[in-house]
Amino acid sequence: MITLISIALLSLSLADSLSLNPIYASDEESHLAVETKQAKITTIRGGNAILPCRLDRDIDSFGGNTMRIKWTKLSPDLSKEIDVLVAMGFHKKSYGSFQGRVKLQESDENDASLVFSEVKLEDVGKYKCEVIDGMDDATDVVSLELTGVVFPYSPRLGRYNLNYHDAEKACLDQDAVVANFDQLYEAWKDGFDWCNAGWLNDGSVQYPITNPRGPCGGNSTVPGVRNYGLRDKTKSRYDVFCFTSHFKGRFYYLHTGFNMTKFTYDEAVQACENDGSEIAKVGQMFAAWKLLGYDRCDAGWLADGSVRYPISNPRRRCSPTEAAVRFVGFPDKKHKLFGVYCFQAFD
């Protein structure tokens, strides 16, 4: 019995000793930290960007053979990480769609910033900078955003016909991506008011209201972004909020001589091709309207078979009360009633 008690006391003594003197350093003793300085970096589509990440530690050298720098992109719901770039010493590797477009800046021995070139719509999001050196590990997060515009979209079938996967494709087809909450929130602050609920890229369904009214949450509610929460991406059906940014190119209404020619849809597609362009997409019209101030009172075909026109200067018979992209509808494609908007991309 004495022997068993002695062993137990010895074991307890060893445990206490280990708890008081741990083998591994605590977070408080870590000699490594990283700092992104800016929470958000904003650039233009097709442009360059630098996501800052600087090392702060109490030893002089940086980038040794044992140090590992890893950049990842966080999924919209923050549940997954997508590899962007990993570097250890002279060995560096980029991944997926980021290959050839990202590199470390390395302006000095403490610089782990990520340099982007030819930024795409799908690059928008949160990025994590992680530096690992021995037992030390430090991370920070920075957001990459684009100047752009949020617009609501519903297909020819009408309101509330898109599950999440359909919504992704619908935005992609219109030269856009599914908007995130921050983009919708910024649009709401800028006066965006829309009563139809739509998907966002985290799988939630929301809509922005600046003018509370009965059908849109009630007259007594306050302005804001209404949130239906996360929905089933396969079974639930709503509209979608898309986000796009101006791309290098020319958006224009096609002139065909002194008379304004009206086309069927097929004729409109061919007319743009004959002019060295392609029929414009909805996202391209919204980008030209919002970011370039494009204004024209002529209704014209777009690639999805819809007819719209952009008004930056409200006036009688065009859009008397507000600047907006006016939606005529999805008319019969055989009707010869409308002009056409074209887009010519620049290299």
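Since the model is a prediction, treat every value here as computed from it, not as a measurement. (Residues numbered from 1 in each chain as written. Predicted model: local features only at pLDDT ≥ 70, side-chain atom pairs only at ≥ 80, totals over all residues. Heavy atoms only, no water.)

S.K.: Can you help me understand the overall build of the protein chain in this one?
M.R.: Scanning the protein chain from terminus to terminus reveals 5 helices and 23 strands. Out of the 347 residues in the protein chain, the part that is buried amounts to 45%. Counted over contacts in the protein chain with a minimum sequence separation of 6, partners at least 24 positions apart contribute 60%. Element-wise, carbon and sulfur atoms account for 52% of the exposed surface of the protein chain, whose accessible area totals about 18800 Å². (Helix = DSSP H or I, 4+ residues; strand = E, 2+ residues; numbered from the N terminus. Buried < 20%, exposed > 50% of the residue type's maximum accessible area, 1.4 Å probe, protein only. Contact = heavy atoms within 4.5 Å. Areas by Shrake-Rupley, 256 points an atom, 1.4 Å probe, with all protein chains shown as cover.)

S.K.: What am I meant to see in the sheet that holds strand E3 (residues 49–51) here?
M.R.: Pairing between the strands of a sheet comes from backbone hydrogen bonds, and it takes one of two forms, parallel or antiparallel. Pairing is antiparallel across the open sheet formed by 3 strands, whose spatial order is E3-E9-E8. Of all the strands in the sheet, the pair left with one neighbour each is E3 and strand E8 (102–104). Strand-to-strand twist in this sheet, taken as the mean axis angle between neighbours without regard to direction, amounts to 25 degrees. Here E8 runs beside strand E9 (residues 114–116); their pairing, made up of 3 bridges, is antiparallel. For Lys103, the partnering residue across the bridge sits in E9 and is Val115. (Pairing = 2+ DSSP bridges. Axes fitted to C-alpha atoms, helices over the stretch in contact; angles between N-to-C directions.)

S.K.: Please explain unusual backbone geometry as it appears in this structure.
M.R.: Unusually for a residue other than glycine, Glu118 sits at a positive phi of about 50 degrees. One can find Glu118 in the loop between E9 and strand E10 (125–133). Its identity is not glycine, yet Arg317 carries a phi of approximately 75 degrees, on the positive side. If you trace the backbone, Arg317 turns up in the loop between strand E21 (307–311) and strand E22 (324–329). Judged by relative accessible area, which is 71%, Arg317 ranks as exposed.

S.K.: Just to check I follow, could you spell out helix H3 (residues 181–189) for this structure?
M.R.: For the α-helix, the turn length of 3.6 residues means that residues three or four positions removed from each other point alike. Buried within H3 are the following residues: Gln183, Leu184, Ala187 and Trp188. Take H3 and look down its axis: the buried residues cluster within an arc of 140 degrees, on one side only. Check the buried side of H3 and you find it contacts strand E11 (136–146), strand E12 (149–153), strand E15 (204–209), strand E16 (224–230) and strand E17 (239–244). Gly191 occupies a position one or two residues after H3 and carries a positive phi of about 105 degrees. (Arc of directions from axis to C-beta.)

S.K.: Help me understand the environment of Gln284, please; the structure alone is not making it clear to me.
M.R.: Positionally, Gln284 belongs in helix H5 (residues 282–292). Sequence-wise, Gln284 and Asp175 are 109 residues apart; in three dimensions their C-alpha atoms are separated by 6.7 Å. Beyond its immediate sequence surroundings of up to four residues, Gln284 is in contact with Gln174, Asp175, Phe251, Glu278 and Phe343.

S.K.: Please explain the sheet that holds E11 as it appears in this structure.
M.R.: Pairing is mixed in the open sheet, where 6 strands are placed in the order E2-E11-E10-E5-E6-E7. At either end of the open sheet lies a strand with only one pairing partner, and these are strand E2 (40–43) and strand E7 (91–94). Each strand of the sheet is rotated relative to its neighbour by a mean of 20 degrees, with strand direction disregarded.

S.K.: Any chance you could explain the pairing of strand E6 (residues 81–88) here in plain terms?
M.R.: For a regular strand, the rule is simple: side chains alternate between the two faces of the sheet. Bridge count for strand E5 (residues 67–74) against E6 is 7 bridges, and the pairing is antiparallel. Within E6, the position partnered with Ile69 by the bridge is Ala87. Taking the residues between adjacent antiparallel strands as the criterion, E5 and E6 are bridged by 6 residues, where Leu78 takes a positive phi near 65 degrees. Sheet topology note: the E6/E7 ladder contains 4 bridges and is antiparallel. Paired with Ala87 across the bridge in E7 is Lys92. Where E6 hands over to E7, the hairpin turn is made up of 2 residues, of which Gly89 adopts a positive phi near 65 degrees.

S.K.: Would you take a moment to explain the nonpolar core for this structure?
M.R.: In a soluble, globular protein the nonpolar side chains are often hidden away together inside. Within the largest apolar cluster, 86 residues are counted, with the highest numbers of intra-cluster contacts made by Trp71 and Phe116. In terms of residues, this core owes the most to one element, H5, which gives 5 residues. (Core = buried A, V, L, I, M, F, W, Y, C linked by side-chain atoms within 4.5 Å.)

S.K.: Help me out: how do you make sense of the state of the cysteines in this one?
M.R.: Among covalent bonds in proteins, the disulfide is the one between the sulfur atoms of two cysteines. Tallied over the full model, the rule gives 5 disulfides. In this model Cys195 forms its disulfide with Cys216; the gap between the sulfur atoms is 1.9 Å. Around the S-S axis, the bridge from Cys195 to Cys216 shows a dihedral of about -120 degrees and counts as left-handed. Highlighted residues: Cys195 in the loop between H3 and strand E14 (198–199) and Cys216 in the loop between E15 and E16, separated in sequence by 21 residues. For Cys195, a relative accessible area of 22% corresponds to the partly exposed category. We classify Cys216 as buried; its relative accessible area is 2%. Through a disulfide, Cys272 is tied to Cys342; the S-S separation comes to 2.0 Å. Every disulfide takes its handedness from the sign of the S-S torsion; for Cys272 and Cys342 that torsion is -80 degrees, giving left-handed. (Disulfide = S-S within 2.5 Å.)

S.K.: Help me understand the packing of aromatic side chains, please; the structure alone is not making it clear to me.
M.R.: Counting across every chain of the model gives 20 aromatic pairs. Relative to Tyr228, the ring of Tyr207 lies with its centre 5.8 Å away and its plane at 85 degrees, an arrangement referred to as edge-to-face. One end of the pair, Tyr207, is in strand E15; the other, Tyr228, is in strand E16, and 21 residues separate them in sequence. Of the residues examined, Tyr207 reaches a relative accessible area of 6% and is grouped as buried. (Phe/Tyr/Trp six-rings, centres within 6.5 Å; stacked < 30°, edge-to-face > 60°.)

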